[in-house]
Amino acid sequence: MKFSTVLGALAALTTVSAVKVNPLPAPRNITWGNSGAIPVKQLKLRTDSQGGQHATLNLAWERAWDSIITLQWVPAAIEAPIPHFQPFPTGSATKRAAAKAIHNVQVTVVDPNADLQHGVDESYTLEVTDSDGYVEIHAQTIWGAMHAFTTLQQLIISDGQGGLIIEQPVTIQDAPLYPYRGIMVDTGRNFISVRKILEQIDGLALSKMNVLHWHLDDAQSWPMQMRTYPEMTKDAYSAREQYSRSDMLRVIAYARSRGVRVIPEVDMPGHSVSGWQQVDPEIVACANSWWSNDNWPLHTAVEPNPGQLDIIYPKTYEVVKNVYSELSDIFQDNWFHVGADEIQPGCYNFSSHVQDWFAEDPSRTYNDLAQYWVDHAVPIFRSSGSNRRIMMWEDIALSAEAANDVPKDIVLQSWNNGLGNIANLTARGYDVVVSSSDFMYLDCGKGGFVTNDPRYDVMSNPSGDVTFNYQGAGGSWCAPYKTWQRIYDYDFTTNLTDTQKKHILGAESPLWSEQVDDVSISNEMWPRAAALAELVWSGNRDKNGQKRTTELTQRLLNFREYLVANNVMAGMLVSKYCLQHPHACDFYYNQTVIT
Ligand SMILES: *[C@@H]1O[C@H](CO)[C@@H](O)[C@H](O)[C@H]1NC(C)=O
Ligand SMILES: *[C@@H]1O[C@H](CO)[C@@H](O)[C@H](O)[C@H]1NC(C)=O
Ligand SMILES: *[C@@H]1O[C@H](CO)[C@@H](O)[C@H](O)[C@H]1NC(C)=O
Ligand SMILES: *[C@@H]1O[C@H](CO)[C@@H](O)[C@H](O)[C@H]1NC(C)=O
Ligand SMILES: *[C@@H]1O[C@H](CO)[C@@H](O)[C@H](O)[C@H]1NC(C)=O
């Protein structure tokens, strides 16, 4: 795979010396000189201090160097000489011959002990000049230095004759726009193997994203082996489709060593039945009801299978506490996502505890019920230590059944109603992670997964069927499919005040997995998630304020090849002709039509 990708790329280029490099995400500030490429020899890492987490840094460099020498990368999709774009350097052969080779990577890390937590400094500078004979990297933390490595590994390329070169001089000052840059993997709807989860982490690290939001379970299955309640994995799909404690620790360690935090999610009280019901069926409401979307007034869930934690039954909180403490012991990140989306009132018709509670005081509403959950569950979620930050889906503060008073220090993940909900939540003072489904959901547009659906049994197309099969959602609630351009063009801070903007912590693309498993996860996730990566790292505009979506084209097409070469099985976005003929496949000839 690697070999053929590289060969294919080589064939696309007339001369390798004319190669232009275009790392993704685009650095905040990259300045090229034009004295030309110089040779890169076996690069040794030199650090001016030892101790701290230097072993982690050394391993990161070994991986970067291994990728450099294994791939002998030749940029697969180069930028075209369109006047609008800043030209890339091409050096003269004489200068190149006279240049000193690069032998070392000199890294200075100011605080080698800084922990990988939300808001850790990820900035770095990187400089290459032919007078130095080394690459110079400065970073506050090892996590910033790792980002420098993923930039450098994209800058060092094949010279076409078995050697390596780097264009120089080059000076980079880089730091992310947002501290939270992530994707979400859902292992509740379908099991995703550890191997495939690690592959997502490789994609995150290469694109400088730093959060893997792991939606561990859902109503459909409970894959995590628990010491407290071993019976919960009776609701895993099989003995093979489970995560042992050491599997989870392995994912966390792998991610950490690549600068990626793992934020676990146990979705509660909605989307909860598998696993929980094995501990005590009474802590789950409506598990055996018909989900009833064919007769909507009687619906108990928005997708099969139904089940929600019983908010009034006291034992619920005992089990929640035990499950949460055990998982908090495994997942060491300060943040923990506790779900709280899509509570369906109809489900609680099946709970005598909830019905009795309503009967006790007829003034009680479903908002009060959600508040009861917040009042009783949040103290449990806080009990794991003063550093714990709780994250929830926005529904708890914005749906028809929202709680009346959600503590302001809970981070809310916004997924509905685009800019409207972001504006609402930030105006109310909540810190927000943007995941607007109309822009960032990677699972949309594939049609429905629910079976026995007569809406597909229509012989006319398009007339008379403008709401479903033709021009409609076709069974996908968040249709259409979100393309990389749709994601990258999303200006999610539009019309926010400066105070509101400060409440945006970053963004995350979820990939819900009703129709995803090991076979397709990487193909669905990448390279679209890399468009988000650049959006939250350095933004979607050039220094004139012009949207640079069209400029991203070749960078992203190259990065897709680069992901595949690094064994992240990213999907193809265009016919290869487009990749080899920059901008030949643009819709508009005008390069500034996207504003
Ligand atoms: C970008 O880097 C160059 C070279 O270090 C520097 O002269 C310039 O001021 C920087 N630009 C910005 C916007 O920081
Ligand atoms: C629940 O009860 C309410 C009030 O009686 C009713 O409107 C609703 O249809 C019921 N839902 C289900 C799923 O039984
Ligand atoms: C947020 O939305 C809720 C529900 O629609 C509404 O009641 C509230 O006034 C809104 N708040 C702000 C600040 O927009
Ligand atoms: C932003 O605000 C302006 C002025 O109120 C309005 O015309 C525009 O539609 C808003 N943009 C969006 C995307 O809501
Ligand atoms: C390109 O599109 C922009 C935005 O619509 C427009 O302002 C500009 O005049 C166009 N340029 C040409 C050469 O048509």
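Quantities reported herein were computed from a predicted structural model and do not represent experimental measurements.

Criteria and cut-off values
- Residues numbered from 1 in each chain as written.
- Chains lettered and ligands numbered in written order.
- Predicted model: local features only at pLDDT ≥ 70, side-chain atom pairs only at ≥ 80, totals over all residues.
- Heavy atoms only, no water.
- Helix = DSSP H or I, 4+ residues; strand = E, 2+ residues; numbered from the N terminus.
- Rg over C-alpha atoms; globule rule 2.2 N^0.38 Å.
- Buried < 20%, exposed > 50% of the residue type's maximum accessible area, 1.4 Å probe, protein only.
- Contact = heavy atoms within 4.5 Å.
- Areas by Shrake-Rupley, 256 points an atom, 1.4 Å probe, with all protein chains shown as cover.
- Near = heavy atom within 4 Å.
- Polar contact = N/O pair within 3.5 Å; in protein donor to acceptor, adjacent residues only side chain to side chain.
- Nonpolar A, V, L, I, M, F, W, Y, C, P; charged D, E, K, R; others polar.
- Phe/Tyr/Trp six-rings, centres within 6.5 Å; stacked < 30°, edge-to-face > 60°.
- Expected span 1.5 Å × (residues − 1).
- Domains from an automatic or database assignment.
- Salt bridge = Lys/Arg side-chain N within 4 Å of Asp/Glu carboxyl O.
- Patch = residues over 30% accessible without salt bridge, like charges linked within 9 Å, V, L, I, M, F, W, Y side chains within 5 Å.

## Some details on the overall build of the protein chain
At step 1: Looking only at helices and strands, the protein chain has 19 helices and 16 strands in total.
At step 2: For 595 residues, the compact-globule estimate of 2.2 N^0.38 gives 25 Å, and the protein chain sits close to it at 25 Å.
At step 3: Its C-alpha atoms give the protein chain principal-axis dimensions of about 90 × 65 × 50 Å.
At step 4: Considering the protein chain as a whole, with its 595 residues, one finds that 57% of them fall into the buried category.
At step 5: Residue pairs in contact within the protein chain that sit at least 24 positions apart in sequence constitute 77% of those at least 6 positions apart.
At step 6: Carbon and sulfur atoms make up 51% of the accessible area of the protein chain, which amounts to about 23500 Å² in all.

## A word on the site of ligand 2
At step 1: Within the structure, ligand 2 sits among Pro297, Leu298, His299, Thr300, Gly346 and Asn349.
At step 2: One nitrogen or oxygen atom from the main chain of proline 297 is found 2.8 Å from an oxygen atom belonging to ligand 2.
At step 3: Relative to its unbound accessible area of 360 Å², ligand 2 is 49% covered by the protein chains.
At step 4: Tallied by class, the residues present in the shell around ligand 2 amount to two nonpolar, four polar and no charged.

## Some details on the packing of aromatic side chains
At step 1: One pass over the structure, following the stated rule, counts 26 aromatic pairs.
At step 2: Judged by centre distance (5.3 Å) and plane angle (75 degrees), the rings of tryptophan 222 and tryptophan 276 are edge-to-face. Linking tryptophan 222 in the loop between strand E8 (211-215) and helix H6 (245-256) with tryptophan 276 in helix H7 (residues 276-279), this pair joins segments that are 54 residues apart in sequence. Across this residue pair, the class does not change: tryptophan 222 and tryptophan 276 are buried.

## Structural notes on helix H5 (residues 194-206)
At step 1: Here H5 is 13 residues long and its end C-alpha atoms lie 19 Å apart, about the 18 Å a rise of 1.5 Å per residue gives.
At step 2: Within H5, 11 of the 13 residues are buried, leaving the element largely enclosed by the surrounding structure.
At step 3: Residues Val194, Lys196, Ile197, Leu198, Glu199, Gln200, Ile201, Gly203, Leu204, Ala205 and Leu206 constitute the buried set of H5.
At step 4: In this structure, the buried residues of H5 make contact with helix H4 (142-155), strand E7 (180-186), E8, H6, helix H16 (521-525) and helix H18 (549-565).
At step 5: Two residues or fewer past H5, lysine 208 is found with a positive phi of approximately 60 degrees.

## Notes on unusual backbone geometry
At step 1: In this structure, proline 25 follows leucine 24 across a cis peptide bond, with omega equal to -5 degrees.
At step 2: For proline 25, the position within the fold is in the loop between helix H1 (2-12) and strand E1 (29-47).
At step 3: Note the cis peptide between tryptophan 526 and proline 527, where omega equals 0 degrees.
At step 4: Position of proline 527 relative to the elements: it lies in the loop between H16 and helix H17 (528-537).
At step 5: A positive phi angle, near 60 degrees, is found at cysteine 286, a position not held by glycine.
At step 6: With respect to the helices and strands, cysteine 286 occurs in the loop between strand E10 (284-285) and strand E11 (308-309).
At step 7: Among the residues examined, cysteine 286 registers a relative accessible area of 4% and is labelled buried.
At step 8: Phi is positive for asparagine 417, which is not a glycine, with a value near 60 degrees.
At step 9: Mapped onto the elements of the fold, asparagine 417 is located in the loop between strand E14 (411-414) and helix H12 (418-427).

## Brief notes about the domain arrangement of the protein chain
At step 1: What the domain assignment lists for the protein chain is domain 1 (7-174) and domain 2 (180-448 + 466-537).
At step 2: Counting residues at the interface gives 21 residues for domain 1, matched by 22 residues for domain 2.
At step 3: Applying the counting criterion to the domain 1 and domain 2 interface returns two salt bridges.
At step 4: Connecting domain 1 to domain 2 are 11 residue pairs in polar contact (both at pLDDT 80 or more).
At step 5: Taken together, the elements giving at least two residues each to the side of domain 1 that touches domain 2 come down to helix H2 (54-71) and H4.
At step 6: Per-class residue counts for the side of domain 1 that touches domain 2 are seven nonpolar, nine polar and five charged.

## With respect to a nonpolar patch on the surface
At step 1: A cluster of nonpolar side chains, Phe587, Tyr588 and Val593, forms an exposed patch at the surface whose accessible area comes to about 370 Å².
At step 2: You can see valine 593 is positioned in the segment after helix H19 (576-580).
At step 3: By relative accessible area, valine 593 is classed as partly exposed at 37%.

## Observations concerning the pattern of salt bridges
At step 1: For the structure shown, the criterion picks out 24 salt bridges.
At step 2: Across the pair aspartate 329 and arginine 245 runs a salt bridge, and its minimum N-O distance is 2.6 Å. With aspartate 329 in helix H8 (residues 315-330) and arginine 245 in helix H6, this residue pair connects regions lying 84 residues apart in the sequence.
At step 3: According to the relative accessible area criterion, aspartate 329 is partly exposed, its value standing at 43%.
At step 4: Residue arginine 364 pairs with glutamate 360 through a salt bridge whose shortest N-O separation is 3.2 Å.
At step 5: Judged by its relative accessible area of 25%, arginine 364 falls in the partly exposed class.

## Regarding the site of ligand 4
At step 1: In the neighbourhood of ligand 4, the contacting residues comprise Leu419, Thr494 and Asn495.
At step 2: For ligand 4, an oxygen atom lies 2.2 Å from a polar atom in the side chain of asparagine 495.
At step 3: Alone, ligand 4 offers 360 Å² of accessible surface; in the complex the protein occludes 25% of this.

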